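# Understanding the architecture of this molecule
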Amino acid sequence: MAFQIPRGTQDVLPGDSEKWQYVEHIARSLCSRYGYQEIRTPIFEHTELFLRGVGDTTDIVQKEMYTFEDKGGRALTLRPEGTAPVVRAFVEHKLYGSPNQPLKLYYSGPMFRYERPEAGRFRQFVQFGVEALGSSDPAIDAEVMALAMHIYEALGLKRIRLVINSLGDLDSRRAHREALVRHFSNRIHELCPDCQTRLHTNPLRILDCKKDRDHELMATAPSILDYLNDESRAYFEKVKQYLTALGIPFVIDARLVRGLDYYNHTTFEIMSEAEGFGAAATLCGGGRYNGLVQEIGGPETPGIGFALSIERLLAALDAEGVELPVESGLDCYVVAVGERAKDEAVRLVYALRRFGLRVDQDYLGRKLKAQLKAADRLGASFVAIIGDEELERQEAAVKHMASGEQTNVPLGELAHFLHERIGKEE
Ligand code: HAM
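Because the structure is predicted, anything quoted here is derived from the model rather than measured.

Moving on: helix α13 (residues 368-377). Turning to α13, its buried residues number three or more, namely Q371, A374 and A375. On an axial view of α13, the arc spanned by its buried residues comes to 100°, and they lie on one face. In α13, the exposed residues that point more than 90 degrees away from the buried face are K369, K373, D376 and R377. Buried positions along α13 lie against β12 (330-336) and β14 (380-386). A positive backbone phi angle near 70° is found at G379, which sits one or two residues after α13.

This next bit is on the side chain of E24. If you trace the backbone, E24 turns up in helix α1 (residues 17-33). With no salt bridge to any partner, buried E24 finds its closest opposite charge in R28, at an N-O distance of 5.5 Å. Those residues in contact with E24 that lie beyond four places of it in its chain are S108, V126 and I310.

Let us look at the UniProt feature "binding site: L-histidine" (unreviewed entry) in the chain. Cross-referencing UniProt, the feature "binding site: L-histidine" (unreviewed entry) maps to E81, G82, T83, R113, Q127, E131, R258, Y262 and Y263 in the present numbering. From this annotated list, the subset lining the largest cavity comprises R258 and Y263. Tracing the chain through its elements places R113 in the loop between β5 (103-112) and β6 (124-133). We classify R113 as buried; its relative accessible area is 15%. Excluding residues that lie within four positions of it along the chain, R113 makes contacts with I60, E64, Y66, P80, E81, F122, R123, F125 and Q127. Its location among the elements puts R258 in the loop between β8 (251-252) and β9 (264-272). Every residue in contact with R258, bar those within four places of it in the chain, is listed here: R205, D208, Y263, T267, F268, E269, G285 and G286.

Per the counting criterion, the structure on display carries 30 salt bridges. Taking the shortest distance from any N to any O, the salt bridge between R74 and D70 comes out at 2.8 Å. Judged by relative accessible area, R74 falls into the partly exposed class, the value being 44%. Judged by its relative accessible area of 21%, D70 is partly exposed. With its nearest N and O atoms 2.8 Å apart, the salt bridge here joins D208 to R205. For D208, a relative accessible area of 24% translates into the label partly exposed. Among the charged side chains, a network of salt bridges with common partners joins D59, K63, D194 and R198.

Residues in close proximity to the ligand total 26 residues, the closest being E81, E115, F122, E131 and Y263. For the ligand, a nitrogen atom lies 2.6 Å from a polar atom in the side chain of E81. In the complex, 96% of the free accessible area of the ligand, which totals 650 Å², lies under the protein chains. Elements with a minimum of two residues in the shell around the ligand: β6, β10 (282-288) and β11 (303-309). Looking at the shell around the ligand residue by residue, the classes come out as 10 nonpolar, 9 polar and 7 charged.

Here we take up unusual backbone geometry. Most of the time, phi is negative for any residue but glycine, and the peptide bond is trans. Of note, the bond from Q101 into P102 is cis; its omega dihedral lies within 30 degrees of zero at -5°. Of note, P102 is situated in the loop between α4 (83-92) and β5. Positive phi is not limited to glycine here, since Q394 has a value of about 55°. Mapping Q394 onto the fold places it in the loop between α14 (388-393) and β15 (395-400).

Bringing the environment of A281 into the picture now. Considering the arrangement of structural elements, one finds A281 in the loop between β9 and β10. Given the relative accessible area of 13%, A281 is considered buried. Separated by 180 residues in the primary sequence, A281 and Q101 have C-alpha atoms spaced 34 Å apart. With near-sequence residues (within four places) excluded, A281 lies in contact with I270, M271 and S272.

What counts as what
- Residues numbered from 1 in each chain as written.
- Predicted model: local features only at pLDDT ≥ 70, side-chain atom pairs only at ≥ 80, totals over all residues.
- Heavy atoms only, no water.
- Buried < 20%, exposed > 50% of the residue type's maximum accessible area, 1.4 Å probe, protein only.
- Helix = DSSP H or I, 4+ residues; strand = E, 2+ residues; numbered from the N terminus.
- Arc of directions from axis to C-beta.
- Contact = heavy atoms within 4.5 Å.
- Lys, Arg positive; Asp, Glu negative; His and termini not counted.
- Salt bridge = Lys/Arg side-chain N within 4 Å of Asp/Glu carboxyl O.
- UniProt positions renumbered as here; feature names shortened; annotations may be inferred.
- 1 Å grid on protein atoms, 1.4 Å probe; cavity = no way out; pocket = protein on both sides within 12 Å on 5 of 7 lines; lining within 4 Å.
- Near = heavy atom within 4 Å.
- Polar contact = N/O pair within 3.5 Å; in protein donor to acceptor, adjacent residues only side chain to side chain.
- Areas by Shrake-Rupley, 256 points an atom, 1.4 Å probe, with all protein chains shown as cover.
- Nonpolar A, V, L, I, M, F, W, Y, C, P; charged D, E, K, R; others polar.

What follows is the structure in structure tokens.
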């Protein structure tokens, strides 16, 4: 019986894994440029954390969590997102007491959601995210959005759009919530069963319904932006002003409510506008969550962050035809002909690797011609051929694959020779 990968998951094979590494490398180095440090949290947490953190009326909690009981009878859940775990760690390790405030963190790792798999939607996917905890300066909202946009731009994406909204503070949300209930109550039976439930649990989420998106009640629904109190309005103005000052274009969408409960004030998404990109166009989502640290048992601490999916990022790069400058191939393939040469090759390959070069050799007892073919397939810049004659003279016949140019190089100088030549090529 042949085994198959579980639905909604994927293998990243060589050829693609280099792209993943490259993307993660760029994202990490930009995070460090912006003053964010890495945090790593477990892949599973107590289920209760997500009920509290993500919100028990959200789709994630109600339909999508991978929850299980361990052998000790604990309810655990494979993390569906990274914000609640980061906040849990922030509270548990009392990082709010650290002199570095705001605390700026980033993470990268697999998340799990039991969703219907389709293009760009997986059951295990990798999020790269940041969380800035401890500041309610609108400049940090702008910084977080700038960082997300910077990551995409550094990778070569051009057709991306930043969409922002404000959900306001608790008071504004309450006023808007009441207006939504008034708006939908009389005709709620025209909407789907989920919306009918949401009317009582979380009416804001009605605006995010995929099924009833085109119902006329949606277009006429009260806009949160009309319910922002003065403070929330001033905060949003300042965020927009900073984005403008940074030269980052954005559009405002009052219906951007996001799928998690912890948001207030700024929310945002980054979409791909590449042709034919389809439904999973949201590359990145984030926002401010000023009540979450308290909800999870810590002191009142504001926070803001985002998470982007690497799968969707790579798909967007594909859709825009961007080739990543990924490093593959070898500096040198050592070709040995004959048993004595083979013994020398084993030693030489190790020495070259210790020197810092990317080197490989044949392990299948192939003939000269087949070894040269292998070197070519592996993208070697040079081959170093050793046969009996070369061995006698303690030399290798070194061939530059691109030009065909050939030189004899003493074995003792091979490392330096390759190093110098490869340095020149780069
Ligand atoms: P989210 O919108 O649920 O937010 O997810 C963020 C991003 O993860 C989405 O924009 C999307 O690109 C990607 N994503 C979500 N579900 C899937 C899936 N099934 N397959 C592939 N990609 C997916 C959060 O998770 C928040 N924790 C973001 C955040 C951080 N807010 C504040 N800080």
